[in-house]
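# Overview (structure and organization)
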Amino acid sequence: MSDPTIRDRILRAVDARFDAQLAFTQEVVRHPSLRTQEGSAQDLLHRAMEQRGLQMDRWQLDPGALAAHPGAGIIDVDYGDVDNVVGTYEPTVEAGRSLILNGHIDVVPTGPEGAWSASPWDARIDGDWLYGRGSGDMKAGLVANLFAFDALFDAGLEPTARIHIQSVVEEECTGNGSLSALQRGYTADAVLIPEPEEDMLVRANVGVIWFRVRVDGAPTHPREMHAGFNAIDAAHSVIGRLRELEEAWNAERGQHRYFEDLDHPINLNLGIVAGGDWASSVPAWCEMDLRIALYPGVTAEDAWEQIEAHLASVTTDEAGNPIRATATRNGFFAQGYVLEEGSDAEAALRASHREVFGSELETFTTPGYLDGRVFTQYGGIPSLVYGPISEAIHGYDERVSIESVRRITKSIALFIADWCGVQESSRS
Ligand code: ZN
């Protein structure tokens, strides 16, 4: 920010409203916005954006339109109650560069709630930590977008470019929320996504494929167990073989820019297992839900072909019994992406970060999925994924650092001012 007085006004405005920001973050965390249950949390975001005078848009995701897109994930839930919310700010004078402030409202399941120190939905604060499922991933960031935007007006300024504040669904399973927003026509000169990234900027990240492997067995009474074929035992063999593919992909990391120094960027996660019907019947079936990563530059189609070919090569178990394993996609079908160095958007964020943190913005490679790929790959929009310090996302006692959220909010506010431009407000 070239004008230090404007900078100071914005930073003070973030501080002045920070208690309200924290309280609103807690309120959002108290809505258990698990997949297909995002409605009440989206109501809250819709109301908050409407109160700020934004032009509101809320729509249900369209499975038909999504299915036609190559980057969409397979949908195996009902989208009847699954909505995106976007609030748009139109400037009185259009001078700067437009911006999408994106965040996802959906959260992953809690696991056994008794293993948490307190309810995952009580949004407890203890010292510098705000606890709760979704606190870090990524309700703190979603709300930071809104309050960073507020800070400009509180400082007596108004942005001079179009801004879309997006609260999207489906980030944790398909990426279809952000994809639907892109299909609806939302575009801008840059997008910022405050995922919990430890006060750093994501340089590169993996793509992800979700798939289900079904192994069929031959049920019998256990008294003649060897006449049957145990699908659950066979599933172990199948997983062992898929681990070979995982290791082969990890062994290639030296050929993938920004992944050379990671120990194990490609992780195959066996997330859900189901099989059999009865303890005294040799199981007739086993189904496993899996998640695997792929490098940027590898298409999801290519990765999927390799997975299918590898599974086809699994024809027998260790004892030589024939195995029949079939794979079907059931979620993410997403490529990774790289934020190319030298963009104007990154330069602006670097300057804002320096103002707030007093140090250079660090970049890193993350072996997890991010919606940034939607905007970068299909919209040609540079995606800045940059957000607060968190611990235990997707685990027990998920939490986000409150002071980190404050700093990130300040940095986002300065970034908006720089990227979109500001003028003295005509409202005051
Ligand atoms: Zn997230």
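Our subject is the structure that appears above.
Residues numbered from 1 in each chain as written. Predicted model: local features only at pLDDT ≥ 70, side-chain atom pairs only at ≥ 80, totals over all residues. Heavy atoms only, no water.

Next up on the list: the side chain of Thr110. Considering the arrangement of structural elements, one finds Thr110 in the loop between strand S3 (99-104) and strand S4 (125-126). Look at Thr110 and you get buried, because its relative accessible area is 10%. Ignoring anything within four residues of it in the chain, the contact list for Thr110 reads Trp116, Pro120, Trp121, Arg133 and Tyr396. (Helix = DSSP H or I, 4+ residues; strand = E, 2+ residues; numbered from the N terminus. Buried < 20%, exposed > 50% of the residue type's maximum accessible area, 1.4 Å probe, protein only. Contact = heavy atoms within 4.5 Å.)

So, on to the environment of Glu158. Structurally, Glu158 is set in strand S6 (residues 157-159). Residue Glu158 is classed as buried on the basis of its relative accessible area, which comes to 3%. The spacing of Glu158 and Ser425 is 267 residues in sequence and 5.2 Å in space, taken between C-alpha atoms. Reaching out from Glu158, the side chain makes a polar contact with the side chain of Thr92 at a distance of 2.9 Å. (Polar contact = N/O pair within 3.5 Å; in protein donor to acceptor, adjacent residues only side chain to side chain.)

Tetrahedral metal sites with four donors have an ideal angle of 109.5 degrees; octahedral sites with six donors have ideal angles of 90 or 180 degrees. Ligation of the zinc ion by protein atoms is provided by His104 (NE2), Asp137 (OD), Glu195 (OE) and Glu195 (OE), these donors lying 1.8 to 2.8 Å from the ion. Geometry at the zinc ion is irregular, judged from its 4 donor atoms and the angles of 51 to 150° they form at the metal. Mapping the donors of the zinc ion onto the primary sequence gives the spacing H-x32-D-x57-E. Of the two residues, His104 is situated in strand S3 and Asp137 in helix H5 (residues 135-154); the sequence distance between them amounts to 33 residues. (Donors = N, O, S within 2.8 Å, 3.2 Å for Na, K, Ca; no water. Tetrahedral: all angles 85-135°; square planar, octahedral: opposite > 155°, others 65-115°.)

The next thing to look at is the nonpolar core. Core analysis: the biggest nonpolar cluster contains 116 residues, and Ile10, Ile209, Phe211, Val213 and Val238 have the highest contact counts within it. Top element by residues in this core is H5. It accounts for 11 residues. Counting contributing residues, this core receives three or more from each of domain 1 (4-205 + 336-424) and domain 2 (207-334). Dropping the residues within four chain positions of it, Val213 is found in contact with Val238, Leu242, Cys286, Glu287, Met288, Leu290, Leu311, Ala325, Thr326 and Ala327. (Core = buried A, V, L, I, M, F, W, Y, C linked by side-chain atoms within 4.5 Å. Domains from an automatic or database assignment.)

The next thing to look at is the sheet that holds strand S15 (residues 363-366). The strand order across the open sheet formed by 3 strands is S14-S9-S15, and the pairing between neighbours is mixed. The open sheet is flanked by strand S14 (337-338) and S15, the only strands paired with a single partner. Sheet analysis places strand S9 (residues 201-205) next to S14, joined by 2 bridges and oriented antiparallel. Along S14, the bridge assignment pairs Ala204 with Val338. (Pairing = 2+ DSSP bridges.)

The tally for this structure, following the rule as stated, stands at 29 salt bridges. With a closest N to O distance of 2.8 Å, Arg7 and Glu355 form a salt bridge. Separated by 348 residues along the polypeptide, Arg7 in helix H1 (residues 4-16) and Glu355 in helix H9 (residues 344-357) bring together distant segments of the chain. By relative accessible area, Arg7 is classed as partly exposed at 22%. Under the relative-accessibility criterion, Glu355 is labelled partly exposed at 28%. Arg35 is paired through a salt bridge with Glu170; the nearest N and O atoms lie 2.7 Å apart. Pair noted here: Arg35 is in the loop between helix H2 (18-29) and helix H3 (39-51) and Glu170 is in the loop between strand S7 (163-168) and helix H6 (176-183), with a separation of 135 residues, a long-range link. With a relative accessible area of 0%, Glu170 lands in the buried category. (Salt bridge = Lys/Arg side-chain N within 4 Å of Asp/Glu carboxyl O.)

Relative to the helices and strands, Asp317 is located in the loop between helix H8 (300-312) and strand S13 (324-334). Buried charged residue Asp317 carries no salt bridge. Nearest counter-charge: Arg241, at 10 Å. Apart from residues no more than four positions distant in its own chain, Asp317 is found in contact with Phe229, Ser237 and Ile323. (Lys, Arg positive; Asp, Glu negative; His and termini not counted.)

The subject of this paragraph is the packing of H9 against helix H11 (residues 402-420). Packed helices, taken two at a time, are described by their axes: the angle between them and the distance between them. H11 packs onto H9 with a crossing angle of 135° between their chain directions and a minimal axis gap of 8 Å. When the axes of H9 and H11 are compared, the pair comes out oblique. Like other packed secondary-structure pairs, H9 and H11 cross with a definite hand, here right-handed. Counting all contacts with H9, which are made through Asp344, Ala345, Ala348, Leu349, Ser352, His353, Glu355, Val356 and Phe357, the residues of H11 involved are Arg407, Ile408, Lys410, Ser411, Leu414, Phe415, Asp418 and Trp419. For the contact of H9 with H11, the residue count by class is 9 nonpolar, 3 polar and 5 charged. (Axes fitted to C-alpha atoms, helices over the stretch in contact; angles between N-to-C directions. Parallel < 35°, antiparallel > 145°, perpendicular 65-115°, else oblique. Left-handed = near helix turned anticlockwise from the far one by under 90°. Nonpolar A, V, L, I, M, F, W, Y, C, P; charged D, E, K, R; others polar.)

Judged by side-chain charge, Glu301, Asp302, Glu305 and Glu308 come together as a negatively charged surface patch. For Asp302, the location among the structural elements is in helix H8. (Patch = residues over 30% accessible without salt bridge, like charges linked within 9 Å, V, L, I, M, F, W, Y side chains within 5 Å. Areas by Shrake-Rupley, 256 points an atom, 1.4 Å probe, with all protein chains shown as cover. Charge placed at Lys NZ, Arg CZ, Asp CG, Glu CD.)

Cis geometry marks the peptide bond from Asp137 to Met138, where omega comes out at -10°. Looking at where Met138 falls in the secondary structure, it is placed in helix H5. In this structure, Thr36 takes a positive phi of about 70° despite not being glycine. On the secondary structure map, Thr36 appears in the loop between H2 and H3. In this structure, Ala123 takes a positive phi of about 55° despite not being glycine. Looking at the secondary structure, you find Ala123 in the loop between S3 and S4.

Attention shifts here to the packing of aromatic side chains. If you walk through the whole model with that rule in mind, you get 10 aromatic pairs. Relative to Tyr186, the ring of Trp59 lies with its centre 6.0 Å away and its plane at 20°, an arrangement referred to as stacked. With a gap of 127 residues between them, Trp59 in strand S1 (residues 55-60) and Tyr186 in the loop between H6 and strand S8 (191-193) connect regions that are remote in the sequence. Neither Trp59 nor Tyr186 differs from the other in exposure class; each is buried. (Phe/Tyr/Trp six-rings, centres within 6.5 Å; stacked < 30°, edge-to-face > 60°.)

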